[in-house]
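# Fold and geometry: a report
The residues making up each chain are set out below.
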Amino acid sequence: MALSVPNPIPSSRILRPRCTAAGRTRTSSVQPLPDELQLVADVRSPHNHIRVADVSPRAAGHPLAGARLLLLDGPGNIHSLSFPRRAHHCPLTATYFDAFAALPPLLPRPSLAVLGFGAGSAARALLHFYPDLSVHGWELDSAVLAVARDFFGLAELEKDHAARLFVHVGDALEAEAPPGGFGGALVDLFASGSVLPELQEVDTWRRLGGMVAPEGRLMVNCGGGCVEAEEEGRDGKAVKDATLRAIATAFGKGMVSVMDVDESWVAMTGPPVTVPEKAAAWKARLPPELRHFVDEWRPYDIKSGE
């Protein structure tokens, strides 16, 4: 996911993705942290400049007060977050990660690929709400996973869900599905602060669609105007529009829905869930905290781009 960290932090911005690809030209310098953030760890790998920062719990009225953030790339986009001080370590984040957690009831089988695992924000919510779900995550950078285990509780999550959580180091675009495919997949792939260029290609989406079972679905973080890229010419809105066009072309007319949360756009493949009876059935299988997402989806119109 990806979410910029301006100075000072605004009242409500959504996040941006992770899984930074190697070999991309980086042109932006690393931005200093805002005063509200305290640096916890600073690690450099062949793929990323990784920083872990805590938002002051005294940042009154701010939705990320008390959060721990995983920051990657020069602009300091947020790729994962958690709230370790919350009672029972509630997995919800008030970001698009929570929308991802609404997908499993629509899937034909209880297995989900997470392409762009980061520190495991999406996986934590999925495992919390769906005790029968298996999660297979892919993350390019082993150093990101090491930081996730040390600072985001991933080691404990893996131990607690050893039979259901499987984390792979490697290129998510080369991930292999089990026979028959996954029930669905979450796609949250960014490089240098921008949605991967491969995700603006129709053939990429046809390959990713082949990872899921018949009637399976993909849910995708497409970025948006809130995403701050390192490379010039990678305008967040334009990249979001090109990504959505590629998805819609690959899956066909009427087979993509969208929602936007504070300029961060999420797409979902498959028939739109707009018939009241089907929407009600989806809500009935969701925890109360996630039911409002059902009403936020709308069919994507490739002509208007919305």
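What comes next concerns the included structure. (Residues numbered from 1 in each chain as written. Predicted model: local features only at pLDDT ≥ 70, side-chain atom pairs only at ≥ 80, totals over all residues. Heavy atoms only, no water.)

## Quick notes on the overall build of the protein chain
Here is the rule: Every helix listed is a DSSP run of H or I at least four residues long, and every strand listed is a run of E at least two residues long, numbered separately from the N terminus. Only protein chains enter the accessibility calculation, which uses a 1.4 Å probe. A residue is then buried if its area is under 20% of the maximum for its type, exposed if over 50%, and partly exposed in between. Note on areas: Shrake-Rupley, 1.4 Å probe, and residue coverage restricted to the protein chains presented here.
Helix and strand counts for the protein chain stand at 7 helices and 14 strands. The 306 residues of the protein chain split such that 59% are buried. Entry remark: accessible area of the protein chain is about 12,600 Å², with carbon and sulfur atoms responsible for 51%.

## Comments concerning the sheet that holds strand S13 (residues 264-269)
Counted only if it meets this: By this definition, two strands are paired if DSSP reports at least two bridges between them. The criterion used for residue contact is that any of the two residues' heavy atoms lie within 4.5 Å. For helices, the fitted axis covers only the stretch in contact; all axes are lines through C-alpha atoms, and the angles between them, taken along N-to-C directions, range from 0 to 180 degrees.
The 8 strands are arranged S7-S6-S5-S8-S11-S13-S12-S14 in an open sheet whose pairing can be described as mixed. For this open sheet the edge positions go to strand S7 (165-169) and strand S14 (298-299), each flanked by a neighbour on one side alone. The sheet contact formed by strand S5 (residues 111-115) and strand S6 (residues 134-139) spans 5 bridges and is parallel. Residue serine 111 lies in a different strand from S6, and its bridge partner there is serine 134. On the sheet, helix H5 (residues 202-209) packs against S5, strand S8 (182-187) and strand S11 (212-223) and is oriented at approximately 135° with respect to S11. Across the sheet, helix H6 (residues 236-251) touches S11, strand S12 (256-261) and S13, and the angle it forms with S11 is around 170°.

## Focus: the pattern of salt bridges
As a reminder, the rule being used: Just to be clear on terms, a salt bridge is a Lys or Arg side-chain nitrogen sitting within 4 Å of an Asp or Glu carboxyl oxygen.
Here the structure, examined in full by the defined rule, presents 7 salt bridges. Between aspartate 203 and arginine 206 there is a salt bridge, with the nearest N and O atoms lying 3.5 Å from each other. Pair noted here: aspartate 203 and arginine 206 are both in helix H5, with a separation of 3 residues, about one helical turn. Here lysine 237 ties to aspartate 241 by a salt bridge, and the two come within 3.1 Å at their closest N and O atoms. Placement of the pair is lysine 237 and aspartate 241 together in helix H6, with a separation of 4 residues, close to one helical turn. With relative accessibility at 47%, the residue lysine 237 sits in the partly exposed group. Through salt bridges with shared partners, a single network forms among Lys237, Lys240 and Asp241.

## Some words on the pairing of S6
Which entries qualify depends on this criterion: With the strands aimed away from the viewer, a crossover counts as right-handed if its path from the first strand over the helix to the second runs clockwise.
Counting buried positions along S6 yields 6 of 6 residues, so the element is predominantly enclosed. Judged by which residues are buried, S6 turns out to be covered on both faces: Ser134, His136 and Trp138 on one side and Val135, Gly137 and Glu139 on the other are all buried. As for the winding sense of the linkage, the β-α-β connection from S5 through helix H2 (residues 121-129) to S6 is right-handed. Two elements, S6 and S7, share 5 bridges in a ladder whose sense is parallel.

## Details of the sheet that holds strand S4 (residues 77-82)
Judged by pairing direction, the sheet is antiparallel, and its 4 strands sit side by side in the order S1-S2-S3-S4 without closing on themselves. Sheet topology places strand S1 (37-44) and S4 at the edges, where each strand pairs with a single neighbour. On average, each strand axis in the sheet is tilted by 25° relative to the strand beside it, whichever way the strands run. Relative to strand S3 (residues 68-72), strand S2 (residues 49-55) runs antiparallel, the two being bridged by 5 bridges. The residue bridging arginine 51 from the neighbouring strand is leucine 71, located in S3. Strand contacts of helix H3 (residues 142-151): S1, S2 and S3, with the helix running at about 25° to S2, the strand carrying the most contacts.

## What about the nonpolar core?
The nonpolar side chains of a soluble globular protein tend to be buried, and buried together. In plain terms, the rule: Side-chain atoms within 4.5 Å are what join buried Ala, Val, Leu, Ile, Met, Phe, Trp, Tyr and Cys residues into a set we call a nonpolar core.
Ranked by size, the top nonpolar core spans 63 residues in total, and within it Leu69, Leu70, Leu165, Leu186 and Trp282 carry the most contacts. The dominant element in this core, judged by the number of residues it contributes, is H2, at 6 residues. In this view, tryptophan 282 contacts Ala102, Pro105, Leu106, Met268, Val273, Val294 and Trp297; residues no more than four positions away in its chain are not counted. If you look at the next biggest cluster of nonpolar residues, it comprises 32 residues, including Ala172, Ala185, Ala191 and Ala246.

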